[in-house]
Amino acid sequence: MRFVAMFALICCHCTDPFNFFPGTSPNIEEIKFWGAIYGALVHPCVPLFVMITGALLLPVKEEMKPFYKKRISRVLWPFLIWSVVYALFPGITGVLGFGS
């Protein structure tokens, strides 16, 4: 089931070009319509990941403090690093007109 959720998540991200199509195609409304349909069909992967994660963590056999302490260190550092990179990326690359 996790593999299905991963595949659906990739497909979900692949719908963005259809929903934000910048071109001036004569059938732009049809492109956006089918992009929205495709996205709606694969979008349930997001709550599916949450449910799979919860199901694999149950039953919790340890106290709450060690349980969270063990997991927060594995999540916090990658989250902080990614947040900094994500925040600096537009300025570094000039995507928003801030760079050289």
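Rules used throughout
Residues numbered from 1 in each chain as written. Predicted model: local features only at pLDDT ≥ 70, side-chain atom pairs only at ≥ 80, totals over all residues. Heavy atoms only, no water. Helix = DSSP H or I, 4+ residues; strand = E, 2+ residues; numbered from the N terminus. Rg over C-alpha atoms; globule rule 2.2 N^0.38 Å. Buried < 20%, exposed > 50% of the residue type's maximum accessible area, 1.4 Å probe, protein only. Salt bridge = Lys/Arg side-chain N within 4 Å of Asp/Glu carboxyl O.

**Brief notes about the overall build of the protein chain**
For step 1, the next point in the chain: Summing up its helical and strand segments, the protein chain has five helices and zero strands in all.
For step 2, the next point in the chain: In the protein chain, the order of α-helices and β-strands from amino to carboxyl end is α-α-α-α-α.
For step 3, the next point in the chain: Relative to the 2.2 N^0.38 estimate, which gives 13 Å for 100 residues, the radius of gyration of the protein chain is 19 Å and therefore markedly larger than a compact globule would have.
For step 4, the next point in the chain: The C-alpha extent of the protein chain, read off along each of the three principal axes, is 60 × 40 × 15 Å.
For step 5, the next point in the chain: For the protein chain, with 100 residues in total, the buried portion stands at 12%.

**Some points on the pattern of salt bridges**
For step 1, the next point in the chain: All told, the structure shown has two salt bridges when counted by the stated rule.
For step 2, the next point in the chain: Of the charged contacts in the structure, one is a salt bridge between Glu62 and Lys70, with a shortest N-O distance of 3.4 Å.
For step 3, the next point in the chain: Residue classification places Lys70 among the partly exposed positions, given a relative accessible area of 41%.
For step 4, the next point in the chain: Between Arg71 and Glu62 there is a salt bridge, with the nearest N and O atoms lying 3.8 Å from each other.
For step 5, the next point in the chain: Given the relative accessible area of 22%, Arg71 is considered partly exposed.
For step 6, the next point in the chain: Shared partners join several salt bridges into a network, and the residues in it are Glu62, Lys70 and Arg71.

**Some thoughts on the environment of Gly39**
For step 1, the next point in the chain: Mapped onto the elements of the fold, Gly39 is located in helix H3 (residues 28-42).
For step 2, the next point in the chain: For Gly39, a relative accessible area of 12% puts it in the buried group.

**A look at unusual backbone geometry**
Among all residues save glycine, negative phi is the norm, and among peptide bonds the norm is trans.
For step 1, the next point in the chain: Omega for the peptide link from Leu58 to Pro59 comes to -10°, which places this bond in the cis form.
For step 2, the next point in the chain: Relative to the helices and strands, Pro59 resides in the loop between helix H4 (45-57) and helix H5 (64-93).

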